[in-house]
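Listed below are the residues making up each chain.
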Amino acid sequence: MPKMKTHRGAAKRFKLSATGKVRYGKAFGSHIMTSKSTKRKRRMRQNGVLDAVDTKNVRRMLPYL
């Protein structure tokens, strides 16, 4: 059986937490920041935690994480 390939796009976007949850960076936080509120920008700095529904698909793309 050959080795499974990691989905490179997913590998760049998702990381695993110590408890096994999938973390990701929030979207829309890189440019055109003047039109966004301070509260919204502050929340974008924090990592999000993926819902359990989507976790199964992401774990399939990242077999060795």
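Below is a short write-up of the structure. Quantities reported herein were computed from a predicted structural model and do not represent experimental measurements. (Residues numbered from 1 in each chain as written. Predicted model: local features only at pLDDT ≥ 70, side-chain atom pairs only at ≥ 80, totals over all residues. Heavy atoms only, no water.)

This part takes up the nonpolar core. Looking at soluble globular proteins, one finds that nonpolar side chains tend to be buried together. In terms of nonpolar packing, the biggest core is built from 6 residues, these being Ala10, Phe14, Val22, Leu50, Val58 and Leu62. Residues in contact with Phe14, not counting those within four places in the same chain, are Val22, Arg23, Tyr24, Leu50, Val58, Leu62 and Leu65. (Core = buried A, V, L, I, M, F, W, Y, C linked by side-chain atoms within 4.5 Å. Buried < 20%, exposed > 50% of the residue type's maximum accessible area, 1.4 Å probe, protein only. Contact = heavy atoms within 4.5 Å.)

A word on the sheet that holds strand 1 (residues 14-16). Taken together, the 3 strands give an open sheet; going across it, the order is 1-2-3, and neighbouring strands pair in antiparallel fashion. Edge positions in the sheet fall to strand 1 and strand 3 (47-49), since each has one partner strand and no second. Within this sheet the neighbouring strands show an average axis-to-axis angle of 35 degrees, counted without direction. Relative to strand 3, strand 2 (residues 22-25) runs antiparallel, the two sharing 3 bridges. (Pairing = 2+ DSSP bridges. Helix = DSSP H or I, 4+ residues; strand = E, 2+ residues; numbered from the N terminus. Axes fitted to C-alpha atoms, helices over the stretch in contact; angles between N-to-C directions.)

On to the environment of Lys41, then. On the secondary structure map, Lys41 appears in helix 2 (residues 38-45). Along the backbone, Lys41 and Tyr24 are 17 residues apart, and their C-alpha atoms lie at a distance of 16 Å. Residues contacting Lys41, with those up to four places away along its chain left out, are Met33 and Lys36.

Right, let's talk about unusual backbone geometry for a bit. Positive phi is not limited to glycine here, since Phe28 has a value of about 70 degrees. Mapped onto the elements, Phe28 comes out in the loop between strand 2 and helix 2. Phi at Ile32 is positive, roughly 55 degrees, even though this residue is not glycine. Tracing the sequence through the fold places Ile32 in the loop between strand 2 and helix 2.

With that settled, consider the environment of Lys5. Position of Lys5 among the secondary structure elements: in the segment before helix 1 (8-13). Separated by 58 residues in sequence, Lys5 and Pro63 have C-alpha atoms that sit 7.7 Å apart. When sequence neighbours within four positions are dropped, the list of residues in contact with Lys5 reads Met61 and Pro63.

Time to look at the side chain of Ser17. One can find Ser17 in the loop between strand 1 and strand 2. Assessed through its relative accessible area of 18%, Ser17 is described here as buried.

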